[in-house]
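Observations on chain architecture
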Amino acid sequence: MSNKNIGGGIINWIDYRLPIFSTLKHTLVDYPTPRNLNYWWNFGSLAGIFLLIQIITGIVLAMHYTPSVEGAFASIEHIMRDVNYGWLIRYIHMNGASFFFIVVYIHIFRGLYYGSYKSPREVLWWLGLIILLLMMATAFMGYVLPWGQMSFWGATVITNLFSAVPIVGTAVVEWLWGGFAVDNALLNRFFALHYLFPFLIVGVVILHIVALHTHGSNNPLGIDKKGPQDSIPFHPYYTIKDLFGLSFVLTIFAFVVFFAPDYLGHPDNYIPADPLKTPAHIVPEWYFLPFYAILRAVPDKLGGVIAMISAILILFVLPWLDTSKVRSATFRPIYKKLYWFLVVDIIVLTWIGGSPAEGNFILIGQIATIYYFAHFLVLMPIVGVIETPKPLPNSISQSVLNKPIKGNS
Amino acid sequence: MEKNKGKDSKSRRDFIHITSGLTVATAAGAAAWPLIDQMNPSADVLALATIEVDLEPLQPGQSISVLWRGKPLFIRCRTEDEIAKARDVDINSLKDPEIDADRVKNAKYLVMVGVCTHLGCVPLGQQGEYGGWFCPCHGSHYDTSGRIRKGPAPTNLEVPPYVYLDDTTIKIG
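Residue numbering note: each chain is counted from 1, following its sequence as written. The order in which chains are written sets their letters, starting at A; the order in which ligands are written sets their numbers, starting at 1. Per-residue local features of the predicted model are confined to residues with pLDDT of at least 70, and side-chain atom pairs are confined, for both listing and counting, to 80 or more; whole-chain, interface and lining totals are unaffected and use all residues. Note that the side-chain values use all heavy atoms of the structure and ignore hydrogens as well as water.

Attention now goes to the interface of chain B and chain A. Two residues qualify as a contact provided that any one of their heavy atoms is within 4.5 Å of a heavy atom in the partner residue. Contacts between chain B and chain A engage 11 residues on the former and 12 residues on the latter. Summed over both sides, the interface between chain B and chain A buries roughly 920 Å², with carbon and sulfur atoms accounting for 63% of that surface. What counts as buried area is the accessible surface, traced by a 1.4 Å probe, that two parts surrender upon association, with contributions from both included. Considering only the surface of chain B that becomes buried against chain A, P34, L35 and Q38 of chain B emerge as the three largest contributors, covering 53% of it. Salt bridge, as used here, is a side-chain nitrogen of Lys or Arg placed within 4 Å of a carboxyl oxygen of Asp or Glu. Put simply, chain B and chain A have 0 salt bridges between them.

What follows is the structure, encoded as structure tokens:
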């Protein structure tokens with residue numbers, strides 16, 4: 001409608017009736033982007049690419065996988081040994097999940113640092129958190145499918161979390177299982193949902209991008225664009241920057257896939273599931289470890305589950321817990337320090353989540369858990385009020401063109 | 001000078017565009033190939049592609065069907081009469097001309113893929129107007145050499161690759 005001339009005859013003909021080409025051009029080519037984005041802004045498109053890799057390799061794996069307790073483990077070995085390039089496709093899918101979480105976590109930490117969750121981007125932030133929750137569910141169910149020891153006992157432990165719900169807990173868990181233990185019924189429904197959820201993620205990603213493009217990208221200065229001199233078109237400036245960053249990430253990814261494909265996994269999952277024997281040391285995949293640490297930090301069953309869920313839900317109210325009017329931590333001397341304390345705290349939680357629940361690990365985990373919640377519930381609201389931010393630059397273009405203002409430190 | 005410079009930079013830019021385009025195309029092809037090749041027969045399927053059959057127990061007039069690559073194979077120990085019928089044919093009258101001697105390694109034993117060349121049904125043995133095979137799906141008649149004589153099938157029943165390991169044992173595939 002708006003763009004009358006977008007390409008050749010056929011493209012114009014279709015676009016007049018279905019504006020798909022002008023929409024794509026508007027989204028991927030013309031989109032006015034702040035001219036000062038740094039490399040931390042690569043991680044959104046990287047996440048999109050890893051979602052795509054997961055969907056493509058996942059569809060291929062589903063062509064060879066058997067969702068039954070008798071056939072699942074053997075079909076994974078069939079993929080690894082017999083299917084042409086099956087080993088490669090499975091290793092890409094396994095490690096692609098880890099890399100998807102790595103880039104998404106960096107993407108979230110970038111948003112935390114530069115205040116990308118603040119008005120008017122609250123809904124954009126929520127949609128991102130919904131994507132994270134869907135990813136977690138998808139990754140968990142995917143880990144169950146090979147039906148190894150870790151699959152089985154991971155599924156048992158996580159589904160049993162729901163038994164903490166008062167009164168209806170047992171009924172809910174039996175409903176999830178479709179029986180009285182983790183068995184064939186659960187494996188089949190997990191396979192069906194593991195196939196479905198990525199497409200739900202695609203849907204929410206589209207909403208995420210629509211919300212993003214409504215008010216435009218945030219930027220390292222955290223100030224609004226004041227005019228056309230503050231932005232440049234997405235293509236070619238950021239397509240090429242994203243591709244350049246992608247080449248680095250794919251190089252690391254290829255190194256892991258080819259030289260350390262099982263590094264991020266757990267060897268116990270190459271033992272077929274045995275309902276009579278729990279592995280000695282059971283831990284979730286690395287990307288769940290901080291949450292697992294919070295779960296174990298609370299000595300009460302229901303309390304632990306509530307704490308773990310709250311650790312994510314608290315991020316939904318972050319736009320209101322942060323009382324500062326300044327977005328970017330660059331101009332917030334106190335908050336900037338707290339931000340790095342939070343990063344360290346989450347690294348500590350990751351370490352504790354992967355350690356046995358005994359001795360000092362318990363105490364450290366409890367302190368780190370308390371600090372995690374204190375950061376959001378106590379420190380952020382207070383600091384936003386008492387802190388005196390540094391003066392903000394007048395505009396993006398001014399700060400880019402004359403360098404006197406210390407932009408990104 | 002100025003003009004030359006402009007031309008020069010243009011051709012250099014073309015060179016960069018073409019080489020980077022080719023690099024991207026090559027990389028995309030290399031990345032796509034595993035995704036395409038995974039649909040080809042896997043190693044365990046290929047491992048079942050060769051079978052050995054002992055012909056010793058077969059008496060004239062008896063047939064067996066064996067499974068090879070998921071398809072039935074007809075192995076028939078033909079009677080003297082059937083062999084004579086198969087050889088006493090005007091080759092030029094056939095839809096898919098082939099002499100019987102070219103379809104067997106030993107005239108006694110006929111080995112064929114038991115899949116109708118029309119649309120893949122399994123023909124019934126010793127039926128039809130020519131005493132060979134008859135496909136019930138769309139009415140193709142094959143003779144005692146498995147050649148198409150009447151009906152919609154375009155070619156004779158396929159003879160698989162096989163060798164005699166000794167007088168009465170064959171290896172198919």
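Attention now goes to the nonpolar core. Core analysis: the biggest nonpolar cluster contains 100 residues, and Y372 and F376 of chain A have the highest contact counts within it. The greatest single-element share of this core, amounting to 13 residues, is contributed by helix α6 (residues 122-144) of chain A. Here, the term nonpolar core denotes a set of buried Ala, Val, Leu, Ile, Met, Phe, Trp, Tyr and Cys residues that are joined through side-chain atoms within 4.5 Å. Accessibility here uses a 1.4 Å probe with only protein chains present; expressed as a share of the type maximum, an area under 20% marks a residue as buried, one over 50% as exposed, and anything in between as partly exposed. By size, the runner-up hydrophobic cluster in this structure holds 14 residues, among which are I51, L58, W68 and V111 of chain B. Secondary structure counts use DSSP, requiring at least four H or I residues in a row for a helix and at least two E residues in a row for a strand, with both numbered from the N terminus.

Right, let's get into the state of the cysteines. Residue and element names in this part refer to chain B. Disulfide assignment relies on a single distance test, namely cysteine sulfur atoms paired within 2.5 Å. Evaluation of the coordinates by the stated rule reveals 1 disulfide over all chains. A sulfur-sulfur distance of 2.0 Å marks the disulfide that ties C121 to C137. When the S-S torsion is -95°, as for the bridge of C121 with C137, the disulfide is left-handed. Pair noted here: C121 is in the loop between β4 (109-113) and β5 (124-125) and C137 is in the loop between β6 (133-135) and β7 (140-142), with a separation of 16 residues, a long-range link. C137 gets classed as partly exposed once you look at its relative accessible area, which sits at 38%. Residue C116 stays outside any disulfide, its sulfur separated by 3.8 Å from that of C135, the closest cysteine.

This part is about the side chain of T33 of chain A. Residues and elements named next belong to chain A. If you trace the backbone, T33 turns up in strand β1 (residues 32-34). Polar contact is defined as a pair of N or O atoms within 3.5 Å, subject to the rule that within protein one atom must be able to donate a hydrogen and the other to accept it, and that residues adjacent in sequence are counted only when both atoms are side-chain atoms. At 2.9 Å, the side chain of T33 forms a polar contact with the backbone oxygen of Y31. Apart from the residues within four sequence positions on either side, T33 is in contact with S217, D230, S231, I232, P233, F234 and Y238.

Let's shift gears to the layout of surface pockets. Residues and elements named next belong to chain A. Definitions used for this entry: grid spacing 1 Å over protein atoms alone; cavity, a set of points where a 1.4 Å probe fits but cannot get out; pocket, an open set with protein on both sides within 12 Å along at least 5 of 7 lines; lining residue, one with an atom within 4 Å of a point. Grid points are joined across faces, edges and corners, and a volume is the space filled by probe spheres set on the points. By volume, the second largest pocket amounts to about 980 Å³. Forming the walls of the second largest pocket are 35 residues, and the residues nearest its centre are F140, I158, L161, F162 and M308. Of all the elements in the fold, those that place two or more residues in the lining of the second largest pocket are α6, α7 (149-160), α9 (184-215), α11 (289-297) and α12 (301-313). Looking at the lining of the second largest pocket residue by residue, the class counts come to 30 nonpolar, 3 polar and 2 charged. Lys, Arg, Asp and Glu make up the charged group, whereas Ala, Val, Leu, Ile, Met, Phe, Trp, Tyr, Cys and Pro make up the nonpolar group; the residues left over, Gly among them, are polar.

The next subject is the packing of aromatic side chains. Geometry of an aromatic ring pair is reported as the spacing of the ring centres plus the angle between the planes. Here a Phe, Tyr or Trp ring, Trp counted by its six-membered ring, pairs with any other such ring whose centre lies within 6.5 Å, and the pair is stacked when the planes are under 30 degrees apart, edge-to-face when over 60, and tilted otherwise. What the rule picks out here adds up to 34 aromatic pairs over all chains. Between the aromatic rings of F109 of chain A and Y339 of chain A, the centroid separation amounts to 6.4 Å while the plane-to-plane angle is 90°, which identifies the pairing as edge-to-face. Taken together, the residues F109 of chain A in helix α5 (residues 86-113) and Y339 of chain A in helix α14 (residues 333-353) connect sequence positions 230 residues apart. Exposure remark for F109 of chain A: the relative accessible area of 22% places this residue in the partly exposed category. For Y339 of chain A, a relative accessible area of 5% translates into the label buried. In textbook terms, an aromatic cluster arises when at least three aromatic residues are bridged by ring pairs, as seen for W41, F109, Y113, Y114, Y339 and W340 of chain A. Sitting over the ring of Y162 of chain B, K105 of chain B keeps its end group 4.4 Å from the ring centre. As a reminder, the over-ring test applies to NZ of lysine and CZ of arginine, requiring each to be within 6 Å of the ring centre and within 35 degrees of the ring normal.

Another aspect to go through is helix α10 (residues 234-259) of chain A. It helps to recall that an α-helix has 3.6 residues per turn; residues three or four apart then point in one direction. To estimate the expected span of a helix, count its residues, drop one, and scale the result by 1.5 Å. In this model α10 of chain A runs 35 Å from its N-terminal to its C-terminal C-alpha over 26 residues, within 8% of the 38 Å that 1.5 Å per residue would give. Buried positions along α10 of chain A lie against α2 (20-30), β1, α3 (43-62), α5 and β2 (231-233) of chain A.

What follows deals with empty space enclosed by the protein. All names here are of chain A. This structure, assessed with the given rule, holds 2 cavities of 30 Å³ or more. Within this model, the largest cavity holds a volume of roughly 810 Å³. If you trace the largest cavity, you find 40 residues lining it, with Q54, H93, G142, Y143 and H194 closest to the centre. For the lining of the largest cavity, the secondary-structure elements that each account for two or more residues are α3, α4 (72-81), α5, α6 and α9.

A pair of strands is labelled paired if DSSP reports no fewer than 2 bridges between them. Reading across from one edge, β5-β6-β7-β8 (chain B) is the order of the 4 strands in this open sheet, with antiparallel pairing throughout. The outermost strands of the open sheet, each flanked by one partner alone, are β5 and β8 (148-150) of chain B.

Below, the discussion takes up the environment of H375 of chain A. Residue and element names in this part refer to chain A. With respect to the helices and strands, the residue H375 is situated in helix α15 (residues 360-386). Through-space distance from the C-alpha of H375 to that of L342 is 7.1 Å; in sequence the pair is 33 residues apart. Those residues in contact with H375 that lie beyond four places of it in its chain are Y335, L338, Y339, L342 and M380.

Remember, this is a structural readout, not a statement about activity or role.
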